[in-house]
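Per-entry structural report
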Amino acid sequence: MEVYEGKAKKMIPIDDDKLIMEFKDDATAFDGTKKARFKGKGWLNAQLSVIFFKLLEEHGIKTHFIGVAGGNRLIVEKLDMYPLEVVVRNVVAGSLKKRLPLPEGYELPEPIVELYYKNDELHDPMINYYHAKVLGISLDEIKKIEEIALKVNEILKDYLAKKGIILVDFKLEFGKDKNGDIVLADEISPDTCRFWDAKTKRSLDKDVFRFDKGDLIEAYKEIYERITGEKPEF
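Keep in mind the model is a prediction, meaning the values are calculated, not measured.

Attention now goes to the environment of lysine 176. Relative to the assigned elements, lysine 176 resides in strand β12 (residues 165–176). Lysine 176 sits in the partly exposed class, given a relative accessible area of 29%. Sequence separation of lysine 176 and glycine 164 is 12 residues, and the distance between their C-alpha atoms is 34 Å. What lysine 176 contacts, discounting residues up to four positions off in sequence, is Leu79, Asp80, Tyr82, Glu141 and Asp181. Polar side-chain contacts of lysine 176 include one of 2.9 Å to the side chain of glutamate 141.

Scanning the entire structure with this criterion turns up 29 salt bridges. Notably, a salt bridge pairs glutamate 173 with lysine 171, separated by 2.9 Å at the nearest N-O pair. Exposure class is identical for glutamate 173 and lysine 171. Each is buried. Across the pair glutamate 218 and lysine 221 runs a salt bridge whose closest N-O atoms are separated by 3.6 Å. Taken together, the positions of glutamate 218 and lysine 221, both in helix α5 (residues 216–228) and 3 residues apart, correspond to about one turn of that helix. A relative accessible area of 44% places glutamate 218 in the partly exposed class. A cluster of three or more residues bridged by salt bridges with shared partners is formed by Lys9, Glu85, Lys118, Lys171, Glu173, Asp186 and Glu187.

Looking at the element boundaries, glutamate 141 is found in helix α3 (residues 139–161). Classification of glutamate 141 as buried rests on a relative accessible area of 14%. A C-alpha to C-alpha distance of 26 Å links glutamate 141 and glycine 6, two positions 135 residues apart in sequence. In contact with glutamate 141, not counting residues within four places along its chain, are Tyr82, Gly136, Lys176 and Ile182.

For the rest of this paragraph, the subject is the pairing of β12. Regular strands have side chains that alternate between both faces of the sheet. β12 sits mainly inside the fold: 10 of its 12 residues count as buried. Bridge count between strand β8 (residues 80–81) and β12: 2 bridges; the pairing is antiparallel. By the bridge assignment for β12, aspartate 80 is matched with lysine 176. Judged from the 5 bridges that link them, β12 and strand β14 (residues 193–197) form a sheet pairing that is antiparallel. What sits directly across from isoleucine 165, in β14, is aspartate 197. Both β12 and strand β13 (residues 182–185) contribute to a ladder of 4 bridges, which runs antiparallel. Residue pairing in the sheet places glycine 175 in a bridge with valine 183 of β13. Between β12 and the antiparallel strand that follows it, β13, lie 5 residues; glycine 180 among them carries a positive phi value of about 85°.

To continue, consider the nonpolar core. One finds Val152, Leu156, Phe174, Leu184, Ile188 and Phe195 to be the most contacted residues of the largest nonpolar core, which totals 56 residues. At 9 residues, the largest contribution of residues to this core is made by helix α1 (residues 41–58). Built from parts of two domains, this core gets at least three residues from each of domain 1 (4–77) and domain 2 (80–215). If sequence neighbours within four positions are ignored, valine 152 has contacts with Leu56, Ile61, Phe170, Leu172 and Leu184.

The rules we used
Per chain, residue numbering runs from 1 following the sequence as it is written. Only residues with pLDDT of at least 70 are given local features in this predicted model, and only at 80 or more are side-chain atom pairs given and counted; all residues enter the totals for whole chains, interfaces and linings. The basis for the side-chain values is all heavy atoms of the structure; hydrogens and waters are excluded. Under the DSSP-based scheme used, a helix requires at least four consecutive residues in state H or I and a strand at least two consecutive residues in state E, with every element numbered from the N terminus. Exposed residues in this analysis have more than 50% of their type's maximum accessible area, buried residues have under 20%, and partly exposed residues fall in between, with area computed by a 1.4 Å probe over protein chains only. Contacts between residues were defined by any pair of non-hydrogen atoms, one from each residue, lying within 4.5 Å. Here a polar contact is taken to be a pair of N or O atoms separated by no more than 3.5 Å, where protein atoms must pair a possible hydrogen donor with a possible acceptor and residues adjacent in sequence count only if both atoms sit in side chains. When a carboxyl oxygen of Asp or Glu lies within 4 Å of a side-chain nitrogen of Lys or Arg, that pair is called a salt bridge. Here a strand pair is declared whenever DSSP counts at least two bridges between the two strands. Buried Ala, Val, Leu, Ile, Met, Phe, Trp, Tyr and Cys residues form a nonpolar core when they are joined through side-chain atoms within 4.5 Å. Domain start and stop positions are those given by an automatic or database domain assignment.

See the structure below:
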């Protein structure tokens, strides 16, 4: 069975139904033009994803998470993945600043959901319902995906607020299981979310690497320690 390797993870088949999702220490930004390796990054992203997946499962969100196969390895359900990246935004930051005449840090009156076609060659362009239909994704599927994404946002936003963390925005991916049910997949980590300290608005995510804001691993460790109350084990 073929091993798929992306920028931040490897997907290693176990059988027809399960995969090992191995988190790498590699960091990339700006379509891979900026690269580095940070010891412990894969472990932190894997462990944080476990915490978030378990939290969401407790609130009725079906995820592909099955179990842990090691510090930076998770066992996940094999899905028929949608070629989509679903972004939920609570605060103006990143590319949204280029599309709306609002300052960075402006709290949106309600979340914005954006759809992107997952394709490296096309640089993951933003799409709408009509584009999605051309790609073979029905309106009913898109509405269900958006409904789940907004529920995930509500759960994570409330949970993180209690830890002194603002959930600025985040990216989700989805797939279909053997029964045709839509399932949350990929990861939920500082690589795929923007986390800000609630008091200082200091970045605690991959923006630290993107824009040279400090020590990436220290930022990820801080997220882990705030959530677990423990020091990381790596």
